[in-house]
Every structure is written in structure tokens, then in C-alpha cells.
Amino acid sequence: IHGPYISKKALPGQFVIIRIDEFGERFPLTIFDYDRNLETIDIIYQKVGTSTMKLDKLNEQDYILDIVGPLGKASELENYNKTIVVSGGVGGAIACPLARRLKELGTHTEIISGFRTKDLVILEKNMREIDNNLVICTDDGSYGRKALVTEILQEKLNKNKYDNIDEFIEKNKTYQDFLKNNEYGVDATLWIGGVGQTGINAVAEILNGKINPSGSL
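Note that this is a predicted model, so its numbers are computed, not measured.

Scoring rules and cut-offs
- Residues numbered from 1 in each chain as written.
- Predicted model: local features only at pLDDT ≥ 70, side-chain atom pairs only at ≥ 80, totals over all residues.
- Heavy atoms only, no water.
- Helix = DSSP H or I, 4+ residues; strand = E, 2+ residues; numbered from the N terminus.
- Contact = heavy atoms within 4.5 Å.
- Areas by Shrake-Rupley, 256 points an atom, 1.4 Å probe, with all protein chains shown as cover.
- Salt bridge = Lys/Arg side-chain N within 4 Å of Asp/Glu carboxyl O.
- Buried < 20%, exposed > 50% of the residue type's maximum accessible area, 1.4 Å probe, protein only.
- 1 Å grid on protein atoms, 1.4 Å probe; cavity = no way out; pocket = protein on both sides within 12 Å on 5 of 7 lines; lining within 4 Å.
- Points joined across faces, edges and corners; volume = space filled by probe spheres on them.
- Nonpolar A, V, L, I, M, F, W, Y, C, P; charged D, E, K, R; others polar.
- Phe/Tyr/Trp six-rings, centres within 6.5 Å; stacked < 30°, edge-to-face > 60°.
- Lys NZ or Arg CZ within 6 Å of the ring centre and 35° of its normal.
- Polar contact = N/O pair within 3.5 Å; in protein donor to acceptor, adjacent residues only side chain to side chain.
- Pairing = 2+ DSSP bridges.
- Axes fitted to C-alpha atoms, helices over the stretch in contact; angles between N-to-C directions.
- Expected span 1.5 Å × (residues − 1).
- Core = buried A, V, L, I, M, F, W, Y, C linked by side-chain atoms within 4.5 Å.

> Explain the overall build of the chain to me, please; I cannot follow it from the model alone.
Each helix and strand in the chain was counted, giving 7 helices and 9 strands. Once local pairs closer than 6 in sequence are excluded, the contacts in the chain between residues at least 24 apart make up 61%. Just so you have it, the chain exposes about 13,300 Å², and 48% of that area is on carbon and sulfur atoms.

> I keep staring at the pattern of salt bridges and nothing clicks. Help me out?
If you walk through the whole model with that rule in mind, you get 8 salt bridges. Taking the shortest distance from any N to any O, the salt bridge between Lys47 and Asp56 comes out at 3.3 Å. You can call Asp56 partly exposed: its relative accessible area is 35%. For Arg128, the salt bridge is made with Glu124, and the minimal N-O distance between the two is 3.0 Å. You can see Arg128 and its partner Glu124 sitting in helix H4 (residues 124–130), 4 residues apart, about one turn around the helix.

> What is the right way to look at the layout of surface pockets in this model?
Gaps left between atoms show up when a probe the size of a water molecule is rolled over them. Volume-wise, the second largest pocket comes out at about 580 Å³. For the lining of the second largest pocket, the secondary-structure elements that each account for two or more residues are helix H1 (4–9), strand E3 (40–43) and helix H2 (50–56). Looking at the lining of the second largest pocket residue by residue, the classes come out as 12 nonpolar, 4 polar and 4 charged.

> Looking at this model, I keep getting lost on the packing of aromatic side chains. Mind explaining?
Describing an aromatic ring pair means giving the distance of the ring centres and the angle of the ring planes. Overall, the coordinates contain 0 aromatic pairs when judged by the stated rule. Note that Arg100 overlies the ring of Phe32, its terminal NZ or CZ placed 5.5 Å from the centroid.

> I would appreciate a short explanation of the side chain of Gln14 in the present structure.
With respect to the helices and strands, the residue Gln14 is situated in the loop between H1 and strand E1 (15–19). Polar side-chain contacts of Gln14 include one of 2.9 Å to the backbone oxygen of Gly72. When residues no more than four places from it in sequence are discounted, the contact partners of Gln14 are Lys9, Thr30, Ile31, Pro70, Leu71, Gly72, Lys73 and Ala74.

> Quick question: what am I supposed to make of the environment of Val86 here?
If you trace the backbone, Val86 turns up in strand E5 (residues 82–88). Val86 gets classed as buried once you look at its relative accessible area, which sits at 0%. Placed 25 residues apart in sequence, Val86 and Ile111 show a C-alpha to C-alpha distance of 5.8 Å.

> Looking at this structure, how should I read the pairing of strand E6 (residues 108–115)?
A regular strand carries its side chains on alternate faces of the sheet. Counting buried positions along E6 yields 7 of 8 residues, so the element is predominantly enclosed. Pairing between E5 and E6: 7 bridges, direction parallel. Across the sheet, Gly88 pairs through a bridge with Gly114, a residue of E6. Here 4 bridges tie E6 to strand E7 (residues 135–138), and the two strands are oriented parallel to one another.

> I tried to follow the sheet that holds strand E2 (residues 27–35) on my own but got confused; where do I start?
The strands making up a sheet are joined through hydrogen bonds of the backbone, oriented either antiparallel or parallel. The strand order E3-E2-E1-E4 describes an open sheet built from 4 strands, whose pairing is antiparallel. The open sheet is flanked by E3 and strand E4 (66–71), the only strands paired with a single partner. Pairwise comparison of adjacent strand axes, ignoring direction, gives a mean angle of 40° for this sheet. Where E1 and E2 come together, 4 bridges link them in antiparallel fashion. Of the residues in E2, the one forming a bridge with Phe15 is Thr30.

> Quick question: what am I supposed to make of helix H3 (residues 92–104) here?
Because an α-helix completes one turn every 3.6 residues, residues spaced three or four positions apart along the sequence face the same direction. For H3, which comprises 13 residues, the first-to-last C-alpha distance of 18 Å matches the rise-based estimate of 18 Å (1.5 Å per residue) to within 8%. Burial in H3 covers these residues: Gly92, Ala93, Ala95, Cys96, Pro97, Leu98, Ala99 and Leu102. Two residues or fewer past H3, Gly106 is found with a positive phi of approximately 90°.

> Please clarify how the nonpolar core should be interpreted in this entry.
Core analysis: the biggest nonpolar cluster contains 16 residues, and Cys96, Ile111 and Met127 have the highest contact counts within it. Elements with a contribution of two residues or more to this core: H3, E6 and H4. Top element by residues in this core is H3. It accounts for 5 residues. Once residues lying within four places of it in the same chain are set aside, the contact partners of Cys96 are Phe32, Leu123, Asn126, Met127 and Ile130.

Written as C-alpha cells, this is what we have:
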């Protein structure tokens, strides 16, 4: 998408809100990549509803009515030595640019990416450019290892120590077995869908008591 003002300011972890036409809804999409010289941004979407179906029908040189961004607080990625980035399904569209930026900062970056089946695997080439030892797993074993991403993560944590673990999962099912074992000091987990990174920051402020919107939380 040609967006000179957005591409000029975009950073990993941010997103845009798009409205295809005057009858369309507003919906968020992660900024997958940006080129400040070409003044473009790249987005990745999955055709799951009316708006993404409309978006998929657009051709080169077509116009999107509204696009607002970059929105959300950019991810803080500095001062890590060794990290794991874990993604599931379309969560790879968020994970990949963050992993790329971590590598650019000189951080040792490992990636685990999981999918339901081989036909749904995306961004493998992009991820292998970041991590030559990329681990891909599928629920049905049709590609890569037959495992959940949290099982691979647990294997790595048993062998090595990491400064940071980032997880981008499109569903909460994969957490259930992992959280039964509290060996890694997980105090609690909260799954919230569709709020974007700014929304997640707001939830954190509510949970730590910085803000109290209802007065009775």
C-alpha cells in the first residue's frame, strides 16, 4: 500500500486501521513491513469476512477509502541478548517483523512457528532469513514437527536460558497444557482477542492499578 506518511513513521509492532469503502467497517491490520524510500507499507491478511474479501478483490492502482496509522505503541526490543519469538497461525504476521528487528539490533533470535496443517504455513522464507534453525510444527504432522509450539518452547527452555520470550498466537488452546506446569514461574495468563497492541497496553494499566475505569475493579 502506498502510504508516504505512514511508512515514514511506522515501527515494528504497530498497525493500521482500514476502511475499504464508504459502506465498509473499520478493521485493524498489523504493519508487516515498510519501505521509507518507496513510501509503502506491507500488510498480511486472511480472508475470513466481508472486509478482507473486499480487500482481496482490489487490484494494483486501486484505492482504499481510509487508512489510519501507524497506531499502537512500537515494541521495545533493545537490550536483549537471546530471545525466542513464538507464533501460531496468522500470528506470524506480527512475529516476523519483530524478530527481524531483533536480529537487526544484534540479538540472537530463535523462532518457533506453528500451524494447523501444511496448507496454512506462511512466511517460512522470511522467517528462515532471520533464523536458519527455524522450527515449524503442525497440529496434524503434515509439515515440520508434529507438536504444539508450546511443546517446542518447553524443550528449548529446558536446555537454554533466554532474556525474552514473545508469543503471538491466534488462539488460546495451545496454552492450556503448557500452563499446567508452573516450572517456569508463570503466575497467570490472560487471553484477550482483537484489541490491538494499544488495547493490550490499556489492559495492563488496568491490571496493575495504574488506571481504574469503573471505580470498582
